[in-house]
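# Reading the structure
What follows is each chain in one-letter form.
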Amino acid sequence: MSFNYHDGVLYAEQCSVAELAAQYGTPLYVYSQQQIMNNWQQFATVWPAPHRLCYAVKANSNLAVLHLLAQLGAGFDIVSGGELARVIAAGGRADRVVFSGVAKSRAEMAEALAHGIYCFNVESAAELEQLNEVARAHQVMAPVSLRVNPDVDAQTHPYISTGLKTNKFGIAMSQARDIARRAQELPNIQLQGVDCHIGSQILTAAPFLDAADRMLALIADLRQDGIAIQHLNMGGGIGISYQHEQPLDVSAYLLELQRRAEALGGLTLMLEPGRSIVGNAGLLVTQVAYHKAGEDKDFLLVDAGMNDLMRPALYQAYHEIIPVQQSAASPLLVDVVGPVCETGDFLGLARHLSASAGDLLAVMNAGAYGFTMSSNYNTRPRAAEVMVIGDQAHLIRERETVSDLWKGERIVEVPR
Ligand SMILES: *Cc1c(COP(=O)(O)O)cnc(C)c1O
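Calculation rules
- Residues numbered from 1 in each chain as written.
- Predicted model: local features only at pLDDT ≥ 70, side-chain atom pairs only at ≥ 80, totals over all residues.
- Heavy atoms only, no water.
- Salt bridge = Lys/Arg side-chain N within 4 Å of Asp/Glu carboxyl O.
- Helix = DSSP H or I, 4+ residues; strand = E, 2+ residues; numbered from the N terminus.
- Axes fitted to C-alpha atoms, helices over the stretch in contact; angles between N-to-C directions.
- Parallel < 35°, antiparallel > 145°, perpendicular 65-115°, else oblique.
- Left-handed = near helix turned anticlockwise from the far one by under 90°.
- Contact = heavy atoms within 4.5 Å.
- Nonpolar A, V, L, I, M, F, W, Y, C, P; charged D, E, K, R; others polar.
- Core = buried A, V, L, I, M, F, W, Y, C linked by side-chain atoms within 4.5 Å.
- Buried < 20%, exposed > 50% of the residue type's maximum accessible area, 1.4 Å probe, protein only.
- Domains from an automatic or database assignment.
- Buried area = accessible area lost by both parts, 1.4 Å probe.
- Right-handed = clockwise from strand over helix to strand, strands pointing away.
- Pairing = 2+ DSSP bridges.
- UniProt positions renumbered as here; feature names shortened; annotations may be inferred.

Turning to the pattern of salt bridges, a few remarks are in order. Scanning the entire structure with this criterion turns up 17 salt bridges. A salt bridge links R382 to E400; the nearest nitrogen and oxygen atoms lie 2.9 Å apart. In this pair, R382 sits in the loop between β19 (360-363) and β20 (384-389) while E400 sits in the loop between β21 (392-397) and α12 (402-405), placing the two residues 18 residues apart along the sequence. One salt-bridge network, held together by shared partners, links R177, D178, R181, D221 and D225.

The structure is reproduced here in structure tokens:
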């Protein structure tokens, strides 16, 4: 792991986190380049060509992260025109981009067609018809994969489970054959594959393999209908260890997937990992503003809030919180809470920590869905981001200034 204590001080690779906080201020996101590379290699080594890996941009879309992954040969899974623009700006290849998302606009479709992306992951019959129209208007063929909902229970938090019938995502398995047939008829649609994404933070291979079996059965049916399906994209969703969870064995899962797909033959496999590439490669450094002794419990009031890291407030997600400088003082039972005016504004509840005003804390495993979900609520400038490479730290996003926050706003004269 790339975050370790040396003589009681937390390091990111060979950079002291305390020194980073002194130099760049807090709250501060710190990423380890080596950890991102290691995570990527874990997938890439057991995923020989022509199989493809498309990093899910929404997990962490900083240009430096995207550039690093592009250098490693990554494709990208995007969910908006904005993310496509980021991939291009970071030097990623458009012909390795897959475009997910339930409500793509005409403008986003046109842009993606102009860039020549690898394929659109189409989520409904209506989207398929609209994509055909947009492609016709531009006199091009739109490469398509159908996102099918395999109706498996990923046994994860309801907000991050996407593979059940009741979710808004994907085409129902029972409609997939009809919609595939329709795709064949449409003159500007080129049906290439099928995809699914059953949820996030999934800790066992069973739901993935269950979904894969259903998708492979669908592909067999489609081939019987004379529809040549060239790829199966199993999405992302591989969980990481936030507390004491035992994540699944990635290479075992990938090899088993390949084994099952080979039985059918002629299939390129794809994955869209996000969290498992960047999650454990980032931490959020925050400074304690106050220690408040309450009647029932104590609070550590820190300078990072739910606007900086939303996962605890949004999903009751657990993030380990550790001191940047270890201390010998005996720990207290505390809630670690932010400055935002919401009761849900916490980073961690009922933790055993010894820290006082001015001390630094590190919120671990914050590399995925951390910065990308941050907001300016309470007119709080978003945090700076730093990428550590060995003993070098690189500022990869400046801290926002307060005046950045009202850029584009206008005062309207009040009639007198
Ligand atoms: C969010 C998302 C991913 C990435 O999920 P992780 O859990 O971060 O791996 C992949 N594919 C699609 C379609 C997504 O929406």
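This next bit is on the packing of helix α8 (residues 206-224) against helix α9 (residues 250-264). Remark: α8 packs on α9, axes separated minimally by 10 Å, with the N-to-C direction vectors making an angle of 20 degrees. Put simply, α8 runs roughly parallel to α9. Seen along the crossing, α8 lies across α9 with a hand that is right-handed. On α9, the residues that touch F208, L209, A212, D213, L216, I219, A220 and R223 of α8 are Y253, E256, L257, R260, A261 and L264. Grouping the constituent residues of the contact of α8 with α9 by class yields ten nonpolar, no polar and four charged.

Grouped together as the largest cluster of nonpolar side chains are 98 residues, with contacts concentrated most on Y55, F76, F120, L146, M234 and Y253. Among the elements that make up this core, the one with the highest residue count is α8 (nine residues). Domain assignment of the residues forming this core places at least three in each of domain 1 (3-30 + 279-406) and domain 2 (101-271). Apart from residues lying up to four places away in sequence, L146 is in contact with V122, I171, A176, I179, A180, L191, G193, V194 and D195. In terms of nonpolar packing, the next biggest core, distinct from the first, is built from 20 residues, F3, L20, L28 and L283 among them.

So, on to the domain arrangement of the protein. Partitioning the protein into domains gives domain 1 (3-30 + 279-406) and domain 2 (101-271). Taken over C-alpha atoms, the centre of domain 1 sits 36 Å from the centre of domain 2. With ten residues of domain 1 in contact, the opposing surface of domain 2 contributes seven residues. Across the interface of domain 1 and domain 2, roughly 790 Å² is buried in total on both sides, 58% from carbon and sulfur atoms.

Take the pairing of strand β6 (residues 75-78) next. Here β6 shows a buried face lined by G75 and D77 and a second buried face lined by F76 and I78. Read as a crossover between parallel neighbours, the route from strand β5 (residues 52-56) over helix α3 (residues 63-71) to β6 is right-handed. Of the pairings in the sheet, the one linking β6 to strand β7 (residues 97-99) comprises three bridges and is parallel in character. Residue pairing for β7: D77 is matched across the bridge by V98. Taken together, β6, helix α4 (residues 81-89) and β7 form a β-α-β motif whose crossover is right-handed.

This part covers unusual backbone geometry. With an omega of -10 degrees, the peptide bond between T26 and P27 qualifies as cis. Mapped onto the elements, P27 comes out in the loop between α1 (17-24) and β4 (28-32). With an omega of 10 degrees, the peptide bond running from A49 to P50 counts as cis. Here P50 is to be found in the loop between α2 (33-44) and β5. The phi angle at D151 is positive, at roughly 55 degrees, despite the residue not being glycine. On the secondary structure map, D151 appears in the loop between β9 (142-149) and β10 (171-172).

Okay, the environment of V336 next. By the secondary structure assignment, V336 is in strand β17 (residues 332-337). Sequence separation between V336 and G75 is 261 residues, and the spatial gap between their C-alpha atoms is 38 Å. Apart from residues no more than four positions distant in its own chain, V336 is found in contact with L300, V302, I321, F346, L347, G348, L353 and L361.

A few words on the UniProt feature "modified residue: N6-(pyridoxal phosphate)lysine" (unreviewed entry) in the protein. Here the UniProt-annotated "modified residue: N6-(pyridoxal phosphate)lysine" (unreviewed entry) positions come out as K58. By secondary structure assignment, the location of K58 is in the loop between β5 and α3. A relative accessible area of 33% places K58 in the partly exposed class. Apart from residues no more than four positions distant in its own chain, K58 is found in contact with V79, E83, Y369 and T372.

This part covers the sheet that holds strand β2 (residues 9-12). The antiparallel open sheet is built from three strands, whose spatial order is β1-β2-β3. Edge positions in the sheet fall to β1 (3-6) and β3 (15-16), since each of these pairs with one other strand and no more. Of the pairings in the sheet, the one linking β2 to β3 comprises two bridges and is antiparallel in character. Counted as the bridge partner of A12 is C15 from β3.

Let's shift gears to the packing of helix α7 (residues 173-185) against α8. α8 packs onto α7 with a crossing angle of 30 degrees between their chain directions and a minimal axis gap of 11 Å. Here α7 lies roughly parallel to α8, going by the angle between them. Our pair here, α7 against α8, has a crossing hand that is right-handed. Facing M173, A176, R177 and A180 of α7, the residues of α8 in contact are R214, M215, L218, D221 and L222. In terms of residue class, the contact of α7 with α8 is built from six nonpolar, no polar and three charged.

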